[in-house]
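As a plain string of letters, each chain reads:
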Amino acid sequence: MSGTSEAEARKALGRLKRAVEKGRRELEALEGALRKVEGEDFPQGDYTRAASELSQVAEFADAEGRRLQAKVLEAGGLEPGRIRRSSSVD
C-alpha cells in the first residue's frame, strides 16, 4: 500500500467517524425537539433504530481502521499482534 493511498484512507476514515458523531448529535437534537412537540405521538422506535444504524456505521469505520492498520504493518514487515504501543487510525 503506497503512502499516499494510506494517507487518503486514514483521512477518509477520520471524516467518516466525524460525520457519524455529528449525525449522532444531530439525531439527538432532532429527537429532543420533536419529543417536546409530539409528546406521546413521538416515534421512539424509529429514532432508536436510526441511532443503532449510526452505531453500526461507527463500528464499520473502526473495523476498517483496524484492517488498514494491519495491512500497513504487514506491508512494513511487522505482525499486527506484536506491536506494543497502542495507536488508532484517525
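Residues numbered from 1 in each chain as written. Predicted model: local features only at pLDDT ≥ 70, side-chain atom pairs only at ≥ 80, totals over all residues. Heavy atoms only, no water.

Chemist: Would you mind going over the packing of helix 1 (residues 3-38) against helix 2 (residues 44-75) with me for this structure?
Modeler: Packed helices, taken two at a time, are described by their axes: the angle between them and the distance between them. One can describe the packing of helix 1 onto helix 2 by two numbers: an axis separation of 10 Å at closest approach and a directional angle of 165°. Regarding the angle of helix 1 to helix 2, the classification is roughly antiparallel. For the pair helix 1 and helix 2, the sense of crossing is left-handed. Considering only residue class, the contact of helix 1 with helix 2 consists of 16 nonpolar, four polar and eight charged. (Axes fitted to C-alpha atoms, helices over the stretch in contact; angles between N-to-C directions. Helix = DSSP H or I, 4+ residues; strand = E, 2+ residues; numbered from the N terminus. Parallel < 35°, antiparallel > 145°, perpendicular 65-115°, else oblique. Left-handed = near helix turned anticlockwise from the far one by under 90°. Nonpolar A, V, L, I, M, F, W, Y, C, P; charged D, E, K, R; others polar.)

Chemist: Is there a simple way to explain the nonpolar core in this structure?
Modeler: The nonpolar side chains of soluble globular proteins are, as a tendency, buried together. Residues Val20, Leu27, Phe42, Tyr47, Leu54 and Ala58 constitute the largest nonpolar core, which totals six residues. Among the secondary structure elements, those contributing two or more residues to this core are helix 1 and helix 2. Counting residues per element, this core draws most heavily on helix 2, which supplies three residues. Filtering out sequence-adjacent residues up to four positions away, leucine 27 remains in contact with Tyr47, Ala50, Ala51 and Leu54. (Core = buried A, V, L, I, M, F, W, Y, C linked by side-chain atoms within 4.5 Å. Buried < 20%, exposed > 50% of the residue type's maximum accessible area, 1.4 Å probe, protein only. Contact = heavy atoms within 4.5 Å.)

Chemist: How should the pattern of salt bridges be read in this particular structure?
Modeler: Applying the stated criterion across every chain, the model contains six salt bridges. A salt bridge links arginine 49 to aspartate 46; the nearest nitrogen and oxygen atoms lie 2.4 Å apart. Of this pair, arginine 49 and aspartate 46 both sit in helix 2, three residues apart, which is roughly one turn of that helix. Classification of arginine 49 as partly exposed rests on a relative accessible area of 49%. Between arginine 67 and glutamate 64 there is a salt bridge, with its nearest N and O atoms 2.9 Å apart. With arginine 67 and glutamate 64 both in helix 2 and three residues apart, this pair spans about one turn of that helix. Exposure remark for arginine 67: the relative accessible area of 45% places this residue in the partly exposed category. (Salt bridge = Lys/Arg side-chain N within 4 Å of Asp/Glu carboxyl O.)

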